[in-house]
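Observations on chain architecture
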Amino acid sequence: MENTILSNSHAVSADPAPPYFSIQDVHAYYGESYIVQGVSLDIRQGEILALLGRNGAGKSSTLRTIARLDKPQMREGEIWLDGQPIHRMRSFEAARAGIQLVPEDRRIIAGLTVEENLTLAKVAPGDGWSLERIYESFPRLAERRRQEGVTLSGGEQQMLAIARALARDLKLLLLDEPYEGLAPVIVQEIERILHSIKSLGITTIIVEQNAVAALKLADRAVILDTGEVAFTGTAKEVLDNAELRHEYLAI
Ligand SMILES: Nc1ncnc2c1ncn2[C@@H]1O[C@H](COP(=O)(O)OP(=O)(O)OP(=O)(O)O)[C@@H](O)[C@H]1O
Ligand SMILES: [Mg+2]
């Protein structure tokens, strides 16, 4: 009993564990255009964070900065994943460290089959999910494994893009508008996939115009407004706050 009390009081006084993923005061530019203006956020392992805001708020730019793409150019700030300094990395190194971006245009490679798109995604043979495991979770992709990737329907292409991230070492999944242009029934199918990814302990940031769908899935939310964080809190707080939704999300 005494021990329990001691260890409890110790836990309270000790520093909280650092977040699994965090970005701290990140500033990024396209040329001289100042776009990401001091964004900070953090996520615990296995959480889903909805990154929301109006058109042009800087959501895609923030995801691109996290994935360490050349544009926008990050000039200040820090990005940490599981104790690793991502801000010092190039995009291929960030991908090796487990950060996988599924961009809005999905980037399926033309001239390659579904299976070739998946195989090519692997940085090293031991990385990520095997083809067998992917096909078990994505039966639609299994049926179409010999089909050229770019001839898939929009929903199937989105599944392929997510599967490709799973074929790599995946610690942080960055999704840019995964539901865009998809019928509600396909959105539901992708939601189920994202739930099962979460249950594996994979951490996700989802950017979505369909804020309600993203908030339904997410644990927490960050709202951007002209490149700055306007709100950080739980997904429920956003859903329950009509003023906030009206001001920043037009819902
Ligand atoms: N390559 C680029 N060069 C210059 N400016 C850019 C570039 N890409 C984006 N921007 C500008 O950066 C700002 C943020 O764009 P971003 O794409 O990050 O917004 P977003 O929140 O993703 O918007 P949306 O909801 O429309 O996708 C916008 O003003 C946009 O015009
Ligand atoms: Mg965008």
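As a reminder, the structure under discussion sits directly above these lines.
Residues numbered from 1 in each chain as written. Chains lettered and ligands numbered in written order. Predicted model: local features only at pLDDT ≥ 70, side-chain atom pairs only at ≥ 80, totals over all residues.

**So, unusual backbone geometry**
A cis amide bond links lysine 71 to the next residue, proline 72, at an omega of 0°. Relative to the assigned elements, proline 72 resides in the loop between α2 (59-66) and β4 (73-81). With phi around 50°, arginine 107 is a residue other than glycine that occupies positive phi space. Here arginine 107 is to be found in the loop between β6 (99-102) and α4 (114-121). A positive phi angle, near 50°, is found at glutamate 177, a position not held by glycine. Along the chain, glutamate 177 falls in the loop between β7 (172-176) and α8 (184-199). Note on glutamate 177: 21 C-beta atoms within 10 Å, which makes it buried. (Helix = DSSP H or I, 4+ residues; strand = E, 2+ residues; numbered from the N terminus. Buried ≥ 20, exposed ≤ 12 C-beta atoms within 10 Å, placed from the backbone.)

**With respect to the sheet that holds strand β2 (residues 33-43)**
Strand order in this open sheet of 4 strands is β2-β1-β4-β5, and the pairing throughout is antiparallel. Sheet topology places β2 and β5 (84-85) at the edges, where each strand pairs with a single neighbour. Sheet analysis places β4 next to β5, joined by 2 bridges and oriented antiparallel. When the bridges of β5 are listed, tryptophan 80 appears paired with proline 85. Together, β1 (21-30), β2 and β4 form the strand contacts of α2, whose direction differs from that of β2 by roughly 70°. (Pairing = 2+ DSSP bridges. Contact = placed C-beta atoms within 7 Å. Axes fitted to C-alpha atoms, helices over the stretch in contact; angles between N-to-C directions.)

**Some details on the site of ligand 1**
As a structural note, the neighbourhood of ligand 1 is formed by Tyr30, Ser33, Ile35, Gly53, Asn55, Gly56, Ala57, Gly58, Lys59, Ser60, Ser61 and Lys71. Looking at the shell around ligand 1, the elements with two or more residues in it are β2 and α2. Per-element accounting of the shell around ligand 1 gives the leading share, 3 residues, to α2. Within the shell around ligand 1, the residues separate by chemical class into 3 nonpolar, 7 polar and 2 charged. (Near = placed C-beta within 6 Å. Nonpolar A, V, L, I, M, F, W, Y, C, P; charged D, E, K, R; others polar.)

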